[in-house]
Amino acid sequence: MNDLLDKKLLFVTGKGGVGKTSVATSLAFLAASRGQRVLLCEVDGKGDVAGLLESPPTAFKEREVSPGLFAMTMDTEEAMKEYLRLNLRVPFAGRIGPVAKAFDFLASAAPGVREILVVGKLCYEVREAHYDLVVVDATASGHIVGLLAAPQAVNSLVKVGLIRNQTDWMLEMLTDPAQTGLVAVCTPEEMPVTETIELAGRVRNETTVNLASVVVNRVLPELFGTQEEEVFETLTRPDVAAELELLVGSDTAPVLEAARLAVTLRRTRSVHLDRLREAIDPSVPLLYLPYLFTRSHGLRTTRQTATSLGEELGY
Amino acid sequence: MAPTEASERPSLERLLATREIMVACGPGGVGKTTTAAAAGVMAAVKHGGKVLVLTVDPARRLATALGLTGIGNKEHRVPDEAFAEAGLKSRGELWVAMLDTKQSWDDLIARHAPDEATRDEILANPLYQNISGRFIQSHDYIAMERLYEIHSEGRYDLIVVDTPPTRNALDFLDAPERMADFFSSRLLRWLIMPYRSRLVNVATKPFYQIADRILGTEFLGDISEFFILFQTMYDGFVERSRAVGRLLADRRTTFLVVSTLESVPLREAEFFAQELTSRHLHLGAMVMNKVLPEYLRGSEAADAAHTMAEQAGELGGLLSERMGPAHEPLRDSAQVTRVLKEISASFLNFQTVALREAEERDELSVAPEVMVSVPFFDTEIHDLGGLYRLGEQIWE
Ligand SMILES: Nc1ncnc2c1ncn2[C@@H]1O[C@H](COP(=O)(O)OP(=O)(O)O)[C@@H](O)[C@H]1O
Ligand SMILES: Nc1ncnc2c1ncn2[C@@H]1O[C@H](COP(=O)(O)OP(=O)(O)O)[C@@H](O)[C@H]1O
Ligand SMILES: [Mg+2]
Ligand SMILES: [Mg+2]
């Protein structure tokens, strides 16, 4: 039912710490395990992707880290060099270094130039059909609108020139919901949910990109149904708790207390999930990923999350 | 809690009474905004004086609780009644303000522009509107700039600053320096060089030929025009950026690095703490937030959970038999067994995480006297009472 992995370019965003990198990596891993040739690009490169795939550090030059899965880290200066090399002919070849440096400066001065390089590199990989799917571990929700709106902004500020011509095809690609989608990641907490709702609005009003899906990460399991909850409440009564402790032969209070914590957390969080469901356009699928109670995060959890994503997508 | 903590608290608490600026920073989503607000509440309640919390992105209910309903840079006083409602009494005044990036940029331009005509020209320039609204990490710079501005006005005894969610926790520290570098760059001089000289100057010719092809002469012209206007404010900007940098390094300023014990944010926070130290900035505290309760780590409790999981069938039967007569919900022994299985499995799950987090904390290469743990609250913190409870965990 879900065509998320049939798209060509997915930007994964969300508030800091919600699980953007985990979700982007698992999405890419899932697509690759289904036989697609995938590029995973870390934009805010801190090297977390390498940790989650247990691979050597990633660099601007992509590297196949597992079968069919290529990983890279965005680097605007390198992207600039590549851009100049691809777009300009021989006379400047030897001088690309200093010229790229000058441009890097220009990029911090001229609005949108840096962003357009990032988006441009990603769109280029799609256009050249080097991959079936490009997954972007993008910037946090505060910055993503600037990134996605850059082609439009540059398009309206720049009237002629190479960049102008390029924004045309980039915009076409970014606007096409069959090709490009934004995946917003959040957790069932107040701030991330609020930020996701606001993001959905801003993406609609200020960019041409479509919100393809909202991923709710770190969802705590529902411990029991209503009847079982009544049993649990009874277990915490002093006389019953004392009997349980006697039968078990060691201190059971922390076990009951932990269950209480789990129930409360699940309950306070479900309020935010309801709010999310209400505010997000019903045509945007919500995918839920469980909280992982693991000793560490690496290839194993990436696989687990990929499996959960696959189930949510109906594979 | 570790036994050493009794001796470390006074020094941490002293920070609230002695520093003039307290910056809460750290990775995204860990509790910077909450910690900054809690510090403000604690300072107002415990030490008095005039305290300002300069916040960036408070959750809506927190913003409402603090009286931050509108937008704009206006400073609001949190009314005494709000403290009274939470059962608290403020010895001083708690003020809060939200950072409005666009407004702050406009103010900055107004301050540095040589005359009104230049000011209006800059404010109306489309490039400026783009830059101030969207680009050049303007958020980071403006947060520090605004802090400097308010501090130099001297209206507050303590300013607690929340930091924006940056790509990198260090961005806001580097922002003033980067802004100064930008304005002193040779490349900027190229950009604003008169058009005629560009193509004859040996150094700039290749750059301009390429730039023309890529960006078009017109856009390049717009950029130059904009920076020629900006140039008039050069001295003011550079001087100001340096002053902001000095203020951050001053002994009147202290930093609270906030993190959770999850490995990704923790690594970032640890790096940040090291970086502060190597830049001779004052690391006041490393706040480990949302720490799972200690009872999850006990080994006796783990034994109990294992027994409950292994013998759930038997235990369910016995409990049902003995307690069922007095407690109706326990009569179905299969259901009791299921619940025992669920809660023991859930305990062991949480224990895995709690133990991993405890180990992460023990391995931290940060001086233990600046470490503070704040427990995970199972209710959300969105009023003065909640902030005070959280503050107590840090400062008492
Ligand atoms: N489903 C999950 N269950 C438990 N922990 C998670 C889950 N997803 C992510 N995490 C943890 O949360 C932290 C932040 O995740 P990360 O993917 O790096 O977020 P982001 O890229 O949004 O900053 C990491 O320590 C990661 O291991
Ligand atoms: N100790 C805590 N226990 C439970 N929830 C917390 C705690 N500290 C913060 N929170 C919650 O975590 C969320 C993120 O906190 P916030 O201060 O906005 O983080 P940041 O500013 O670092 O992004 C908020 O919903 C806040 O209420
Ligand atoms: Mg990340
Ligand atoms: Mg915040």
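## Remarks on helix 10 (residues 238–248) of chain A
Since one α-helical turn is 3.6 residues long, residues separated by three or four positions face the same way. Turning to helix 10 of chain A, its buried residues are Val240(A), Ala241(A), Glu243(A), Leu244(A), Leu247(A) and Val248(A). In an axial view of helix 10 of chain A, the angular spread of the buried residues amounts to 160°, which keeps them on one side of the axis. The exposed set on the far side of helix 10 of chain A, more than 90 degrees from its buried face, consists of Pro238(A) and Leu246(A). Residues of helix 10 of chain A that are buried sit in contact with helix 9 (226–235) and helix 11 (253–279) of chain A together with helix 16 (299–310), helix 17 (312–323) and helix 18 (333–363) of chain B. Looking one or two residues beyond helix 10 of chain A, the residue adopting positive phi is Gly249(A), at roughly 90°.

## So, the pairing of strand 1 (residues 21–25) of chain B
It is a general feature of regular strands that their side chains alternate between the two faces of the sheet. Residue and element names in this part refer to chain B. Where burial is concerned, most of strand 1 is hidden: five out of the five residues are buried. On strand 1, burial covers both faces: Ile21, Val23 and Cys25 on one face and Met22 and Ala24 on the other are all buried. One ladder, built from five bridges, connects strand 1 with strand 6 (residues 253–259); its direction is parallel. Each residue of the ladder has a partner; that of Cys25, found in strand 6, is Val257. Strand direction decides the pairing type here: strand 1 and strand 5 (residues 158–162), joined by four bridges, are parallel. Its bridge partner being in strand 5, Ile21 is matched across the sheet by Ile159.

## Thoughts on the confidence of the model for chain B
Residue and element names in this part refer to chain B. Per-residue confidence for chain B gives a mean pLDDT of 86, with 92% of residues at or over 70. When pLDDT is averaged over each helix and strand of chain B, the minimum, 67, is found for helix 11 (residues 195–198) and the maximum, 97, for helix 17. Both scores are available for the predicted complex, with the pTM at 0.89 and the ipTM at 0.90.

## Here we look at the interface of chain A and chain B
Taken together, the contact pairs 84 residues of chain A with 79 residues of chain B. In total, about 7300 Å² of surface goes out of reach between chain A and chain B, with carbon and sulfur atoms giving 69% of it. It is Phe105(A), Val255(A) and Phe293(A) that lose the most area in chain A upon contact with chain B, and together they represent 9% of the buried surface on that side. Put simply, chain A and chain B have four salt bridges between them. The interface formed by chain A and chain B holds 10 residue pairs in polar contact (both at pLDDT 80 or more) in total. Per-element accounting of the side of chain A that touches chain B gives the leading share, 13 residues, to helix 11 of chain A.

## Section: the site of ligand 1
Lining the immediate environment of ligand 1, one finds 16 residues, of which Lys20(A), Thr21(A), Ser22(A), Arg218(A) and Leu292(A) sit closest. Nearby residues place ligand 1 at the junction of chains A and B. Here an oxygen atom of ligand 1 and a backbone polar atom of Val18(A) are 3.4 Å apart. Interatomic distance of 2.9 Å between a side-chain N/O atom of Asn217(A) and a nitrogen atom of ligand 1. Coverage of ligand 1 by the protein chains reaches 92% of its 570 Å² of free accessible surface. If one sorts the elements of the shell around ligand 1 by residue count, helix 1 (residues 20–33) of chain A sits on top with three residues.

About the criteria used
Residues numbered from 1 in each chain as written. Chains lettered and ligands numbered in written order. Predicted model: local features only at pLDDT ≥ 70, side-chain atom pairs only at ≥ 80, totals over all residues. Heavy atoms only, no water. Buried < 20%, exposed > 50% of the residue type's maximum accessible area, 1.4 Å probe, protein only. Helix = DSSP H or I, 4+ residues; strand = E, 2+ residues; numbered from the N terminus. Arc of directions from axis to C-beta. Contact = heavy atoms within 4.5 Å. Pairing = 2+ DSSP bridges. pLDDT = per-residue confidence, 0-100. Buried area = accessible area lost by both parts, 1.4 Å probe. Salt bridge = Lys/Arg side-chain N within 4 Å of Asp/Glu carboxyl O. Polar contact = N/O pair within 3.5 Å; in protein donor to acceptor, adjacent residues only side chain to side chain. Near = heavy atom within 4 Å. Areas by Shrake-Rupley, 256 points an atom, 1.4 Å probe, with all protein chains shown as cover.

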